[in-house]
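Structural overview
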Amino acid sequence: MEESWRAIFGHDEPYPEQADGIETAIETAERDGFAVIEGACGTGKTMLALTAGIDRVRDPDSAFERVVVLTSVKQQLRQFEADVRTINDGLPEDWRPVSALTLVGKADVCPYSRERVARIDDASVYDRCEGLRERTRNLSGRDGPTTAATLTDEARGTQTGLLDTGSDASVEYLETADEPTPYPPDTAEYDGTEFCPFYARYLDDLPEDGDPVEAVPFDFVDRGLLDTEALVSLSAGHGTCPHSMLGALLPHVEVVIGNYYHAFDPRTTGSFTGALLDDSTFVVCDEAHMLEPRVRELVSDGVADATLRDAESEFTRIIQAVDLADGDRRPPNARPGSDTGDRDADLVRGELEAADVSLDELKTTRAFVRDLREELDRRVRAYLDRERPSWRTAMDDLPDDEIPLRDPETPAPDGLTEWAAGRYGDDVWVRAEAVGAVVARVLNQLQDADRERSAPTVGRVLGRWYRADHTRHFRSIDLSRTWNETEPADSWRRGYTARLSIHNCVPGDAIADRLDDFGGGVLMSATLEPLDVFRTVTGLDVLADNGRPVVERTYGLSFPETNRASFAVDAPAFTFENRGPPGAENETRRVYVDAAAEVASGHGNVLVGMPNYAEAEWMAGRLDERLDSPVLLDESSDDGTTEALKTEFFAGSGKTLVTSLRGTLTEGVDYRGDRLHAAVVCGVPLVDTTRPRTQALVTAYDRAFGTDGPGGGTGGFETALTVPAVRKARQAVGRVIRGPDERGVRVLVDARYARDRWDGVREYFPAWEREEFGAVSPDLLSLGLDRFAARDGR
């Protein structure tokens, strides 16, 4: 076993921890199990997981056929790509390269979207793509007027005809990924119907009963990593659809690199990645400390107020088609003397009959959706009148908000469910999904198919609302700030968008069910401890109870301990009770500013993490007053702004960057080399415990795992909130030391890190890290820093 994986490993020699982790992962996967690995930053977990997975795929006696990598961080995705290339560069000469590809969205591969032509861009690509595909299938299908080959020829013929006339200067081809395509820079038409020539070519190449991979027009087996640019260039240059190529290749490459939603989002797996979900897949869950919160988002659901409005209109359109025809009247768009209305009505009746949905059910569902929206409106107005009486005259200052539909600490049916029970029976909930689906099918035939229909979303959410229990799920109306001048001045819709939300508080069952689909694999992160808590909340304990081995490994920092200084400062707990609001002047806040300034006044770049963005803004202001070097503030912003801030921080040394520990700069960012000399964590970054959703989460964990908690000693609050907060803090200080030659300072400021106390968090650190972060009083921090600086030669 060792000899085979060493030929795959991409470097000369593994760290001892890497070698142990690789062998553990291989042995565990061969027993259909999962290796749970915590490895400090710089351990080489990416190479560890890829080596183990590829070794199993390449072993002819193993049942594994592919490795599927799931990560929530874009930079980690790039690291996996880089390590695949490294592996391929080092393989024996007589070995073929490891075939791999990265999953991306349609906007990244659609030639029209990439080049911003044919009225397709990032915002419209999904709706436009589905509409174009449906029309292309309708034109070339069994009952269509033509064939996919003819459609492709039609699109190419436009340019060929121009060439034949000798008007060379008039010919323009769409070009993308530095490759010309065979088609003009716009979609094509057949007998007045718009279609996608790239998709038509894919349909033409697709064998009638064969594997879609037979439609791939280029060799991929010996190409190694097929990145996005190469995929688009090879596909579009041939004239075929790059996104369809992505789907055709998925089951046939040895390594697939994607995001959590590629495995855990029900809609994505149902339409795109389902072929990967079987026991021939070796799964790698990277950044696995984020598995639970990310999957919680993916398996929760909801529907916006505007979507309810649009769905009601869609129901009405279908109902009118039948009612008008039955009343011997014609819809407004019918030509005089035409039979358009009769044809539309016949189409509706036929689709309803095929779906076993009655017209009465359709009308009842429409009435229910209309009444539901009116009830939502009533509840929002009542809430705002009660909680924010001046909301009509202060819409500019309204914060995001949430309206609980039950007491978050008392599981019980929610208010909307009880409201509906007195007006409608169970059938309207149960049948809503079937009704919504048939409405979408009819509308896509009666109208333009280039838009996503609202009725299926409403039907899906209503069905989910009815089926989901009231213990592990919490329902609310979520209000998000907006500005819509088309709404009346006294309407809350002018300042808010509303959403009916179903929150899955305990996603462990969903995680376990999906992991159980795979043959085995690795779940890894730099911050998984306490592992007993991780196993419980991700459902791994359930898999273990059902006979699937779960093997744990924890690897600390193996780099020289003399290269780092680690302190847990015994400062007053940075709780709201002690610190007050941002801007308050008190001893607690003074101690934290002093500690951060002490570290930041030293050598190199310093990262200061605060519990939230408001506190980050406060700390940045105080440090700017105290320090001679530049102080940068990270605020909640878009990706472009954050990237620009990182670039500024990395450009040279001697800066302090202040951010929220719940932001994007304390996890998954590579501060290699001299990019970061010290990290300071102020306080324990717990989420807002006054939010109803947070309270429901704690209650659900208490009930799911018992108030004594998993492994003994941790209850709902600790499991749901404290452990994830400690992982955030550990992620931040883990940015400092990434390699054997790096030196730096790591500081945790808060008595809860420094001492064992009733609300202390030291027990949630692994043993090796508790030993390193020795307690120090605030007035002795400077002495410890001076000693390290002297040892460091600074």
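Our structure is the block above this text.
Note that the structure is a prediction, hence the values are computed from the model and not measured.

1. Quick word on the overall build of the protein chain
Looking only at helices and strands, the protein chain has 32 helices and 23 strands in total. The dimensions of the protein chain, computed from C-alpha atoms along their principal axes, are 95 × 75 × 60 Å. Looking at the protein chain residue by residue over its 794 residues, the buried ones come to 56%. Considering only contacts in the protein chain between residues 6 or more positions apart, those separated by 24 or more positions represent 77%. When the accessible surface of the protein chain is split by element, carbon and sulfur atoms take 45% of a total near 33,400 Å². Of the side-chain charges in the protein chain, 90 are positive and 147 negative, and the distance between the mean point of each set is 4 Å.

2. Describing the packing of helix α28 (residues 692-705) against helix α29 (residues 716-733)
The angle between the axes and the distance between the axes are what describe a pair of packed helices. Close contact between α28 and α29 brings their axes to 7 Å; oriented N to C, the two are set at 130°. With respect to their mutual orientation, α28 and α29 come out oblique. The handedness of the crossing between α28 and α29 comes out as right-handed. Two secondary-structure elements touch here, α28 through T694, L697, V698, Y701 and D702 and α29 through G716, F717, T719, A720 and L721. Its residues assigned to classes, the contact of α28 with α29 comprises six nonpolar, three polar and one charged.

3. Observations concerning the sheet that holds strand β14 (residues 496-504)
Spatial ordering of the open sheet is given by β11-β14-β13-β12, a layout of four strands whose pairing is antiparallel. Each end of this open sheet is capped by a strand with a single partner; those strands are β11 (301-304) and β12 (401-404). Ignoring which end each strand starts from, the neighbouring axes of this sheet average 25° apart. Seen against the sheet, α28 touches β12, β13 (473-481) and β14 and runs at an angle of roughly 160° to β13.

4. What to know about the sheet that holds strand β20 (residues 656-660)
Pairing in this open sheet of seven strands is parallel, and the strands run β19-β20-β18-β21-β22-β17-β23 from one edge to the other. Only two strands of the sheet have a single neighbouring strand rather than two, namely β19 (631-633) and β23 (774-776). Neighbour-to-neighbour, the strand axes of this sheet turn through a mean angle of 20°, independent of strand direction. Judged from the five bridges that link them, strand β18 (residues 606-610) and β20 form a sheet pairing that is parallel. In the sheet register, L607 faces β20, and the bridge partner there is L657. On the sheet, helix α27 (residues 639-650) packs against β18, β19 and β20 and is oriented at approximately 165° with respect to β19. Lying over the sheet, α29 contacts β21 (678-682) and β22 (744-749), oriented at roughly 160° with respect to β21.

5. So, the packing of aromatic side chains
This structure, assessed with the given rule, holds 16 aromatic pairs. Measuring from ring centre to ring centre gives 5.7 Å for F64 and F282, while their planes differ by 75°; the resulting arrangement is edge-to-face. One end of the pair, F64, is in the loop between α3 (45-58) and β2 (66-71); the other, F282, is in strand β10 (residues 281-285), with 218 residues separating them in the sequence. Ring geometry for F368 versus W429: centroids 5.0 Å apart, planes at 75°, classification edge-to-face. Within this pair, whereas F368 is found in helix α17 (residues 359-387), its partner W429 is found in helix α19 (residues 426-446), the two being separated by 61 residues in sequence.

6. Re the pattern of salt bridges
Inspection of the entire model under this criterion finds 63 salt bridges. Residues R730 and E38 are paired through a salt bridge, measuring 2.6 Å at the closest nitrogen-oxygen approach. A residue pair is termed long-range when its members are at least 10 positions apart, and R730 in helix α29 and E38 in strand β1 (residues 34-39) qualify at 692 residues. What makes R730 buried here is its relative accessible area of 3%. Look at the salt bridges and you will find they share partners, linking D305, R373, D377, R381 and R493 into a network.

7. Remarks on the pairing of β20
In terms of burial, β20 is largely enclosed, as five of its five residues are buried. Here β20 shows a buried face lined by T656, V658 and S660 and a second buried face lined by L657 and T659. Across three bridges, β19 lies against β20 in parallel orientation. The partner of L633 across the bridge, within β20, is V658. Handedness of the crossover joining β19 and β20 through α27: right-handed.

8. Notes on the side chain of T28
Topologically, T28 is positioned in helix α2 (residues 16-29). The class of T28 is buried, set by a relative accessible area of 2%.

9. A look at unusual backbone geometry
For the bond from E529 to P530, the omega torsion is -5°, close enough to zero to count as cis. Tracing the backbone shows P530 in the loop between β15 (520-525) and α22 (531-537). Here the phi dihedral of D32 falls at roughly 65°; this positive angle occurs in a residue that is not glycine. As for its position among the elements, D32 is in the loop between α2 and β1. Of note in the backbone geometry, A118 takes a positive phi value of approximately 60° without being a glycine. By secondary structure assignment, the location of A118 is in the loop between α6 (111-115) and α7 (125-140). Residue A118 is classed as buried on the basis of its relative accessible area, which comes to 8%.

Quick notes on the rules
Residues numbered from 1 in each chain as written. Predicted model: local features only at pLDDT ≥ 70, side-chain atom pairs only at ≥ 80, totals over all residues. Heavy atoms only, no water. Helix = DSSP H or I, 4+ residues; strand = E, 2+ residues; numbered from the N terminus. Buried < 20%, exposed > 50% of the residue type's maximum accessible area, 1.4 Å probe, protein only. Contact = heavy atoms within 4.5 Å. Areas by Shrake-Rupley, 256 points an atom, 1.4 Å probe, with all protein chains shown as cover. Lys, Arg positive; Asp, Glu negative; His and termini not counted. Charge placed at Lys NZ, Arg CZ, Asp CG, Glu CD. Axes fitted to C-alpha atoms, helices over the stretch in contact; angles between N-to-C directions. Parallel < 35°, antiparallel > 145°, perpendicular 65-115°, else oblique. Left-handed = near helix turned anticlockwise from the far one by under 90°. Nonpolar A, V, L, I, M, F, W, Y, C, P; charged D, E, K, R; others polar. Pairing = 2+ DSSP bridges. Phe/Tyr/Trp six-rings, centres within 6.5 Å; stacked < 30°, edge-to-face > 60°. Salt bridge = Lys/Arg side-chain N within 4 Å of Asp/Glu carboxyl O. Right-handed = clockwise from strand over helix to strand, strands pointing away.

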